[in-house]
Amino acid sequence: MKVVILLGSESDKEFVDGMPKEFKAWGVDAEMVVASAHKVPEKVYNLVKKNNEKEVDLVYITVAGRSNGLSGVVAANSIHPVIACPPYKDKLDFMVNINSTLNMPSDTPVLTVLDRLNVIMAVLRIFALKDKSLRKKMLDRISDIKKRFKV
């Protein structure tokens, strides 16, 4: 199991700070790569092509703002799930980034999750479909959350 966190630029690192460490705590390998789909599309394409040829359970998290070509390029070329988590600094930045992330062409399946913790949980639940140990950990987490509420 592996998650590749693709960033559109170096400035997006702050938004995903700590994500690889959080995945490792769950037993999932994580790799962070900066690769703009606009400035170095060949880097993005080559990475996706290489991962398509491997037999590994993999999910991409794409983090790109403004004109989010990164999520679309990855989804259009990958056999693996792509979850966009657009970064934002304020309300205006949010509006621009979310719109460019939600508007993808046909046959370009990009899922969008706004909260960084929720994107981690979504990836882990995808992997838990096949991994019994991770499934148990996820069920335990859900149970712990439920205990905080009176039912």
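Just so you know, these numbers come straight off a predicted model, no measurement behind them.

1. What about helix H2 (residues 41-53)?
Every α-helix winds through 3.6 residues per turn, so residues three or four apart in the chain are directed the same way.
Turning to step 1, where the next piece is worked out: Taking 1.5 Å per residue, 13 residues should reach 18 Å; H2 reaches 19 Å between its end C-alpha atoms and fits that length.
Turning to step 2, where the next piece is worked out: Within H2, the full set of buried residues consists of Val 44, Leu 47, Val 48 and Asn 51. Within H2, the buried residues cover an arc of 95° as seen down the axis, which keeps them to one side.
Turning to step 3, where the next piece is worked out: Residues of H2 that are buried sit in contact with strand E1 (2-7), strand E3 (58-63) and helix H3 (69-77).

2. So, H3
Turning to step 1, where the next piece is worked out: Burial in H3 covers these residues: Gly 69, Leu 70, Ser 71, Gly 72, Val 74 and Ala 75.
Turning to step 2, where the next piece is worked out: At its buried positions, H3 is contacted by E1, H2, E3 and strand E4 (82-84).
Turning to step 3, where the next piece is worked out: For H3, the side-chain oxygen to backbone nitrogen distance between the N-cap and Leu 70 is 3.4 Å, and the N-cap itself is Asn 68.

3. As for the packing of aromatic side chains
Turning to step 1, where the next piece is worked out: According to the stated counting rule, one finds two aromatic pairs in the structure shown.
Turning to step 2, where the next piece is worked out: Where Phe 15 meets Tyr 88, the ring centres are 6.0 Å apart and the plane angle is 55°; that geometry is what we call tilted. Placement of the pair is Phe 15 in the loop between E1 and helix H1 (19-25) and Tyr 88 in the loop between E4 and helix H4 (91-102), with a sequence separation of 73 residues.
Turning to step 3, where the next piece is worked out: For Tyr 88, a relative accessible area of 37% puts it in the partly exposed group.
Turning to step 4, where the next piece is worked out: Ring centres of Tyr 88 and Phe 94 lie 5.1 Å apart, and the angle between their planes is 80°; this geometry places the pair in the edge-to-face category.
Turning to step 5, where the next piece is worked out: With relative accessibility at 23%, the residue Phe 94 sits in the partly exposed group.
Turning to step 6, where the next piece is worked out: Members of the aromatic cluster, joined through ring pairs, are Phe 15, Tyr 88 and Phe 94.

4. Structural notes on the pairing of E1
Turning to step 1, where the next piece is worked out: Counting buried residues in E1 gives five out of six residues, a clear majority hidden from the surface.
Turning to step 2, where the next piece is worked out: When E1 meets strand E2 (residues 29-34), the two strands line up parallel, connected through six bridges. In the sheet register, Lys 2 faces E2, and the bridge partner there is Asp 29.
Turning to step 3, where the next piece is worked out: Crossover E1 to E2 through H1 is right-handed.
Turning to step 4, where the next piece is worked out: Pairing of E1 with E3 involves six bridges; the strand directions are parallel. Note that in E3 the partner of Lys 2 across the bridge is Leu 58.

5. Observations regarding the sheet that holds strand E5 (residues 111-112)
Turning to step 1, where the next piece is worked out: With parallel pairing, the five strands of this open sheet are ordered in space as E2-E1-E3-E4-E5. Across the chains shown, the open sheet's two edge strands, defined by having one partner strand only, are E2 and E5.
Turning to step 2, where the next piece is worked out: Running at roughly 165° to E3, H2 makes contact with E1, E2 and E3 of the sheet.

6. Observations concerning the packing of helix H5 (residues 116-128) against helix H6 (residues 132-147)
Turning to step 1, where the next piece is worked out: Taken N-terminus to C-terminus, the directions of H5 and H6 make an angle of 135°; their axes are 8 Å apart at the nearest point. By the angle class used here, H5 and H6 are oblique. The chirality of how H5 crosses H6 is left-handed. Between H5 and H6, the contacting residues are Leu 117, Met 121, Leu 124, Arg 125, Phe 127 and Ala 128 on the first element and Leu 134, Arg 135, Met 138, Arg 141 and Ile 142 on the second.
Turning to step 2, where the next piece is worked out: Here the residues of the contact of H5 with H6 sort into eight nonpolar, no polar and three charged.

Cut-off values and rules
- Residues numbered from 1 in each chain as written.
- Predicted model: local features only at pLDDT ≥ 70, side-chain atom pairs only at ≥ 80, totals over all residues.
- Heavy atoms only, no water.
- Helix = DSSP H or I, 4+ residues; strand = E, 2+ residues; numbered from the N terminus.
- Expected span 1.5 Å × (residues − 1).
- Buried < 20%, exposed > 50% of the residue type's maximum accessible area, 1.4 Å probe, protein only.
- Arc of directions from axis to C-beta.
- Contact = heavy atoms within 4.5 Å.
- Polar contact = N/O pair within 3.5 Å; in protein donor to acceptor, adjacent residues only side chain to side chain.
- Phe/Tyr/Trp six-rings, centres within 6.5 Å; stacked < 30°, edge-to-face > 60°.
- Pairing = 2+ DSSP bridges.
- Right-handed = clockwise from strand over helix to strand, strands pointing away.
- Axes fitted to C-alpha atoms, helices over the stretch in contact; angles between N-to-C directions.
- Parallel < 35°, antiparallel > 145°, perpendicular 65-115°, else oblique.
- Left-handed = near helix turned anticlockwise from the far one by under 90°.
- Nonpolar A, V, L, I, M, F, W, Y, C, P; charged D, E, K, R; others polar.

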